[in-house]
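Summary of structural features
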Amino acid sequence: MALGRKLVVVTDDIYERLTAHPVAHIGTLVPELRPNLVVVNSVSKSYAMTGWRIGYTAAPAELIRAMTVLQGQTTTNPTSIAQAAAATALAGPQDSVAAMAHEFTERLQLMVEGLGTIPGVRLVPPQGAFYVFPDVSAFFGRRGPDGAVASATDLSMYLLRHAGVASVPGEGFGAPAHVRFSYAAARALLEEGLARVRRALAALH
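To keep things clear, this report deals only with the structure shown in the data block. (Residues numbered from 1 in each chain as written. Predicted model: local features only at pLDDT ≥ 70, side-chain atom pairs only at ≥ 80, totals over all residues. Heavy atoms only, no water.)

Along its 17 residues, helix H7 (residues 187-203) runs 24 Å from first to last C-alpha, staying within 8% of the 24 Å computed at 1.5 Å per residue. Looking at H7, one finds that the buried residues are Leu 190, Gly 193, Leu 194, Ala 195, Val 197, Ala 200 and Leu 201. If you follow the buried residues of H7, they end up packed against helix H5 (95-116), helix H6 (152-163) and strand E8 (179-182). (Helix = DSSP H or I, 4+ residues; strand = E, 2+ residues; numbered from the N terminus. Expected span 1.5 Å × (residues − 1). Buried < 20%, exposed > 50% of the residue type's maximum accessible area, 1.4 Å probe, protein only. Contact = heavy atoms within 4.5 Å.)

Bringing helix H3 (residues 61-72) into the picture now. Along its 12 residues, H3 runs 16 Å from first to last C-alpha, staying within 8% of the 16 Å computed at 1.5 Å per residue. Taken across its 12 residues, H3 has zero buried, putting it largely on the surface.

Once that is clear, we can look at a nonpolar patch on the surface. A grouping of Val 8, Val 10, Val 40, Leu 63 and Met 67 is seen on the molecular surface, where their side chains present a nonpolar patch of about 390 Å² in accessible area. Assignment of secondary structure puts Val 40 in strand E2 (residues 37-42). Owing to a relative accessible area of 31%, Val 40 belongs among the partly exposed residues under this scheme. (Patch = residues over 30% accessible without salt bridge, like charges linked within 9 Å, V, L, I, M, F, W, Y side chains within 5 Å. Areas by Shrake-Rupley, 256 points an atom, 1.4 Å probe, with all protein chains shown as cover. Salt bridge = Lys/Arg side-chain N within 4 Å of Asp/Glu carboxyl O.)

Turning our eyes to something else, we now look at the sheet that holds strand E3 (residues 55-58). One open sheet holds the three strands; their spatial order is E1-E2-E3, and the pairing between them is mixed. The sheet is open, and its two borders are formed by strand E1 (9-12) and E3, each paired with just one other strand. For this sheet, the mean inter-axis angle between neighbouring strands, taken without regard to orientation, is 20°. Sheet analysis places E2 next to E3, joined by four bridges and oriented antiparallel. Considered in E3, the bridge of Asn 41 is made with Tyr 56. (Pairing = 2+ DSSP bridges. Axes fitted to C-alpha atoms, helices over the stretch in contact; angles between N-to-C directions.)

With burial as the criterion, only one face of E1 is covered, namely that bearing Val 9 and Thr 11; the residues Val 10 and Asp 12 on the opposite face remain uncovered. In this structure, E1 lies alongside E2, joined through four bridges in parallel fashion. Residue pairing across strands places Val 9 opposite Leu 37, the latter belonging to E2.

Structure below.
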């Protein structure tokens, strides 16, 4: 469809190195798209450089020139130190990325098993990144110290206030039955967080 309509296709590859299984790139699957393909990436995830605010793109030359004009009139302040660090990360040894990806796979298993022991929580194991996105709608309509839990937002606030666990409600992702938990933390912290969530959900009535 994109080829037939001559659409520009933007592919967000920010988690490409943190997938449970290799994913073929759309530019490889459909080489004819390349003249209209924009690849967006960053060092934030694969190199654990969140906060350095360095992203990069590959796109047709004409589009890159337009992006450069726009960027030249916008103050985004990527420091020279951050740019040098990002270039070094991209060009340097990549074994740390593989080690980190393996560690995230182990943490994912911990999260899947831990959430699987909580009655009412339903989870499709993710295939990449470092988030789980369980369905928690079984708890909607129950009550806690602050009143009825009517939504994912209510449940996220309840877990924050009464379990000390941060989550992101699914409404912003178009999935109002879900909440998002990150597992970009040490295993001991994840185990403690899972225990707190288990106790807090069991306390709803």
